[in-house]
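# Chain and residue survey
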Amino acid sequence: MEKKPRKPKIQPQKPVEKKEVPNQPVEKKPAKKVQLSLKAEKLIGLLKKCACEVSFLTKELDIDSHTLYDLAQSLKPKGYDIRVVDIEESKVLILASGDNFGDDAISIDKVNKQFKIGAISEVRMGAKQSQISLLHWGYKEIFEKKDVDCVFAVGGLVIGKPTRTLLPDALITDPDELVAYVVKNFPRSDKFKTHIISGKNELSWGKTKDGLDVISAICKARDDLKKVAGADEGELEKNFNVKGVTIKAAAHFEDNSPKSVSNGPQNIANRLTKDNKSKNSPLPDILLVGGTHRRSFFFYNGMYIVTLASLHTQMRRQVARKVSVYVGCAILELNYNPDWTINLGGGGLKVHHFRLDDYTVKNDCYAVDLSKAKNLNEEGRQVLEWLSREFVINAGDIARRLKKSKETVAEIIKKLVACGYEIQLGEATKAYEFKMDWRSKQFSPLPLKSEDVFVWATKEAGISDPHLGSKEDLPEILKMAYEDAAKEGCRRVYNAGDVFDGPGASGYRGHVFDVKCPGLDDMEDYGIANWPRVEVEVQKKPLLVTEMISHPNGKIGYKATFAKVGSKVLLQTDAVEGNHEGWAWQSIGHKMVRALAIRLSNLIRYLGNQYGTTFVDNIFHVLIHPASSGGEMLSNVVEKHLKGVRESKEDDNKPTVVYIGHLHSPYFLLDTRYGIRLACVKRVDQFHKTHALTPYIGMSISEMFTDKDGRGFTQIIMEYRNYRPMVRKEEEKKNEL
């Protein structure tokens, strides 16, 4: 029986005089009765009775939440002041009268300028490794608490039709049972709908049972789930228009190439760009890609691209293919201007990536009763553990692991069967298959508090390669970036090298013609004159302020103080040398960024020559200006350096962020650590033109959360500030003159 939407239990409104009620004026009566639509009249009628939850009103009026907000906002000029309050983790509309709404009531026009989309991928319900309890927790503690407007399930909602390689991972092999299983166990929400984009797994079932469309069958039984039309025809992607923003959800992959995270998404983007040129097919603003099992965000070919983690643990076929699986979900946050325009690269798009790898549940889809194994010896318990984790194991494989004969293994299996475990030996495969009870399993959210999982750690900006002193430098954009960072509450800026363009007499042939200041002193003076001096207000916790000191041996060092919350301090930068400054080091032994840091000791802290590390806000920071280009795939160099930091163990397994300069293009990747490939702050120069290079001009902003013990990242809010459109406009103005 469907649950009736509840009205919120709130304190009765205080009685007020009639003259204080905006929609019931006493002194001035309108000459004509205000004409309202049927839905508007119904909304006003409901709110006159009592305050109502948004979820209740959307069902009563049969509209989505933003259409409801639009309707409420349209009534304001007609004398109805509808406001929003948060009550018991739900959004509630009230009809304001006088001062009855309190200070926590938000004007409807402010609430209606943000749209949040939850995103999941590769749950693979019906597989033994599916994380359904974690999925329930994500819906309750992330999507509902973050007040998302809808959820996109981008491919892999269910396991594919069992094949020889997939069968050992399959919990359910019958499509009818699979449909019933999803209908019963997929989490429900009365606050939003889940839109399902079919992937290859879903389409594979169309070849069985007279072409059963499992997603259509599932959605037919659940009014909170909606199948996206067309995906079952093999399109594997779908465009959504969210108030003028086009989002393409693409579910092309089951297991993306293990060689490069960005390989598949970049190929899709390249194909869309080609279609745009040849067929005049419009590009999406945002490309949302499932099936990669990885959390990333980047700007490429004019599109903001987001790849999604999964909600299952590593399957046997993925182990064989060396495909890493990361667990989590995401939220796309769209922030509109008052006139409903949006600047995606100017704060209009923020990507929330949630890292849930540490919260997976072993054997989540079935129960293994270990109490029946009390009388087993050590070898018996070991075999039971292997079978409960791997489900199907060849008899010879068990014998080799135990260093026993197959006959001994058979005796151990007999004892397990005698204990009540169902284990069968396949005649053809000669493998033992462990049968488990999955039909009786009841799923519920994990017993975790979101406030313990997501603890605010810091907010910071990454910028690189301003190339001060180049004829194509952009000091005005650099200053704007720092001002934007301060407005966003960033606590520190990290610069990964090439602060200067380097001495004109060094570097590539003809470099002297690309710089404003051929001499080192003139270039350093220019850098000091144009370095941003911006104040930031300290928020949430005391802020590190570094001060340069001189050691007895003449070398520089730093001492730390902490500014109090509420105070204002200069926004400081940690920086390393780049390869352009390296030309001065190689030719005359001079470090240009170190010299700049000495002269701007209250603004810049020097960390090293092309590599530096530091702890700030209990997070280990690595700054790298690599020597290699990284190739065409944007993720390659990020994956490489994250692996290097992980294997070096110099971060002592603390939350770690790696900033990578030199490459002039943005890419964010969150695995066990967080890596950011940085854009630059410089126009195209002669070197770029002759080498067919296009620099991306921008800055990264990251808001970071850890678990309550500070052991690792659990959420990163990623933002890319794109300054290229501003530079292009200035170039167009100059060309007109």
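Heads up: these notes are all about the structure in this document. Predicted model, so just to flag it, every value in this text is computed and none were measured.

For the rest of this paragraph, the subject is the nonpolar core. Of all hydrophobic cores here, the largest spans 77 residues; its most connected members are I120, F143, L356 and L416. Ranked by the residues each element gives to this core, the list is headed by helix 5 (residues 132-144), at 7 residues. When sequence neighbours within four positions are dropped, the list of residues in contact with I120 reads L135, Y139, F143, V151, F152, A153, V154, F186, L308, L311 and C329. By size, the runner-up hydrophobic cluster in this structure holds 76 residues, among which are I305, L544, I619 and F620.

The next point concerns the packing of aromatic side chains. Applying the stated criterion across every chain yields a total of 21 aromatic pairs. Taken together, a centroid distance of 5.4 Å and an interplanar angle of 70° make the contact between F354 and F454 edge-to-face. Residue F354 is located in strand 15 (residues 349-355), and its partner F454 is located in the loop between helix 14 (450-453) and strand 19 (455-463); the two are separated by 100 residues in the primary sequence. Each member of the pair, F354 together with F454, is buried. One aromatic cluster is present, formed by F297, F299, Y304, F668, Y696 and Y720 through successive ring pairs. Above the plane of the ring of W386 lies R401, whose end atom (NZ or CZ) is 5.0 Å from the centre.

Moving on: the side chain of H664. Within the secondary structure, H664 sits in the loop between strand 29 (656-660) and strand 30 (667-670). You can call H664 buried: its relative accessible area is 9%. Only 3.2 Å separates the side chain of H664 from the side chain of D465, close enough to count as a polar contact. Excluding anything up to four places from it in sequence, H664 contacts D465, H467, L678, A679, C680, H688, T694, P695 and Y696.

Our focus in this paragraph is the sheet that holds strand 30. Taken in spatial order, the 10 strands make up an open sheet running 9-10-11-13-12-30-31-29-28-27, and their pairing is mixed. In this open sheet, the two edge strands, each paired with only one partner strand, are strand 9 (237-242) and strand 27 (611-616). The mean inter-strand angle of the sheet, taken between neighbouring strand axes irrespective of direction, is 15°. Pairing of strand 11 (residues 286-289) with strand 13 (residues 303-307) involves 4 bridges; the strand directions are parallel. Residue L287 lies in a different strand from strand 13, and its bridge partner there is I305. Set on the sheet, helix 19 (residues 635-648) makes contact with strand 28 (619-624), strand 29, strand 30 and strand 31 (674-677); between it and strand 29 the angle comes to about 135°.

Pairing is antiparallel in the open sheet, where 3 strands are placed in the order 16-18-17. In this open sheet, the two strands that pair with only one neighbour each are strand 16 (392-394) and strand 17 (422-425). Recorded for the sheet is a direction-independent mean angle of 20° between the axes of neighbouring strands. Both strand 16 and strand 18 (residues 431-435) contribute to a ladder of 3 bridges, which runs antiparallel. Following the sheet pairing, I393 is matched in strand 18 by Y432. Against the sheet, helix 12 (residues 395-402) contacts strand 16 and strand 18, and its axis sits at roughly 75° relative to strand 16.

Let us now look at unusual backbone geometry. The backbone of E122 sits at a positive phi, close to 55°, despite the residue not being glycine. Mapped onto the fold, E122 is located in the loop between strand 5 (114-120) and helix 5. Overall, E122 belongs to the buried group, its relative accessible area being 2%. Its identity as a non-glycine residue notwithstanding, K540 has a phi of 70°, on the positive side. Take K540: its relative accessible area is 56%, and that puts it in the exposed class.

Let us look at the pairing of strand 12 (residues 295-300). Among the 6 residues of strand 12, 6 are classified as buried, and the element is accordingly described as predominantly covered. Residues R295, F297 and F299 point to one face of strand 12 and S296, F298 and Y300 to the other, with burial holding for every one of them. Bridge count for strand 12 against strand 30 is 4 bridges, and the pairing is antiparallel. Bridge assignment links F297 to a residue of strand 30, and that residue is F668. Where strand 12 lies against strand 13, 5 bridges are found, and the strand directions are antiparallel. Following the sheet pairing, F298 is matched in strand 13 by I305. Taking the residues that link successive antiparallel strands as the turn, the strand 12-strand 13 hairpin has 2 residues, and the phi of N301 there is positive, at about 55°.

A few words now on helix 2 (residues 54-61). Side chains three or four residues apart in an α-helix point the same way, a direct result of the helix having 3.6 residues per turn. Counting buried residues along helix 2, 6 of its 8 residues qualify, which places the element largely inside the surrounding structure. Among all positions in helix 2, only V54, S55, F56, L57, T58 and L61 are buried. Where helix 2 is buried, its residues meet helix 1 (38-49), strand 1 (52-53), helix 3 (65-74) and strand 3 (90-95). Backbone geometry just after helix 2 places D62 at a positive phi near 60°.

A few words now on the pairing of strand 33 (residues 713-722). Taking burial as the measure, the 10 residues of strand 33 include 10 buried ones, the bulk of the element. Note: strand 15 against strand 33, 4 bridges, orientation antiparallel. Among the inter-strand pairings, V351 is bridged to a residue of strand 33, identified as M718. What sits between strand 32 (residues 698-706) and strand 33 in their antiparallel hairpin is a turn of 6 residues, with G710 showing a positive phi close to 65°.

This next bit is on the pattern of salt bridges. Tallied over the full model, the rule gives 38 salt bridges. A salt bridge links D70 to K243; the nearest nitrogen and oxygen atoms lie 3.1 Å apart. Taken together, the positions of D70 in helix 3 and K243 in the loop between strand 9 and strand 10 (245-250) put the pair 173 residues apart, joining distant regions of the chain. For K243, a relative accessible area of 29% corresponds to the partly exposed category. Where D484 meets R721, a salt bridge forms, and the shortest distance between an N and an O atom there is 3.5 Å. One end of the pair, D484, is in helix 15 (residues 475-487); the other, R721, is in strand 33, with 237 residues separating them in the sequence. In this structure R721 comes out as buried when scored by relative accessible area, which is 7%. A cluster of three or more residues bridged by salt bridges with shared partners is formed by K350, K459, D484, E488, K540, E703, E719 and R721.

Criteria and cut-off values
- Residues numbered from 1 in each chain as written.
- Predicted model: local features only at pLDDT ≥ 70, side-chain atom pairs only at ≥ 80, totals over all residues.
- Heavy atoms only, no water.
- Core = buried A, V, L, I, M, F, W, Y, C linked by side-chain atoms within 4.5 Å.
- Buried < 20%, exposed > 50% of the residue type's maximum accessible area, 1.4 Å probe, protein only.
- Helix = DSSP H or I, 4+ residues; strand = E, 2+ residues; numbered from the N terminus.
- Contact = heavy atoms within 4.5 Å.
- Phe/Tyr/Trp six-rings, centres within 6.5 Å; stacked < 30°, edge-to-face > 60°.
- Lys NZ or Arg CZ within 6 Å of the ring centre and 35° of its normal.
- Polar contact = N/O pair within 3.5 Å; in protein donor to acceptor, adjacent residues only side chain to side chain.
- Pairing = 2+ DSSP bridges.
- Axes fitted to C-alpha atoms, helices over the stretch in contact; angles between N-to-C directions.
- Salt bridge = Lys/Arg side-chain N within 4 Å of Asp/Glu carboxyl O.

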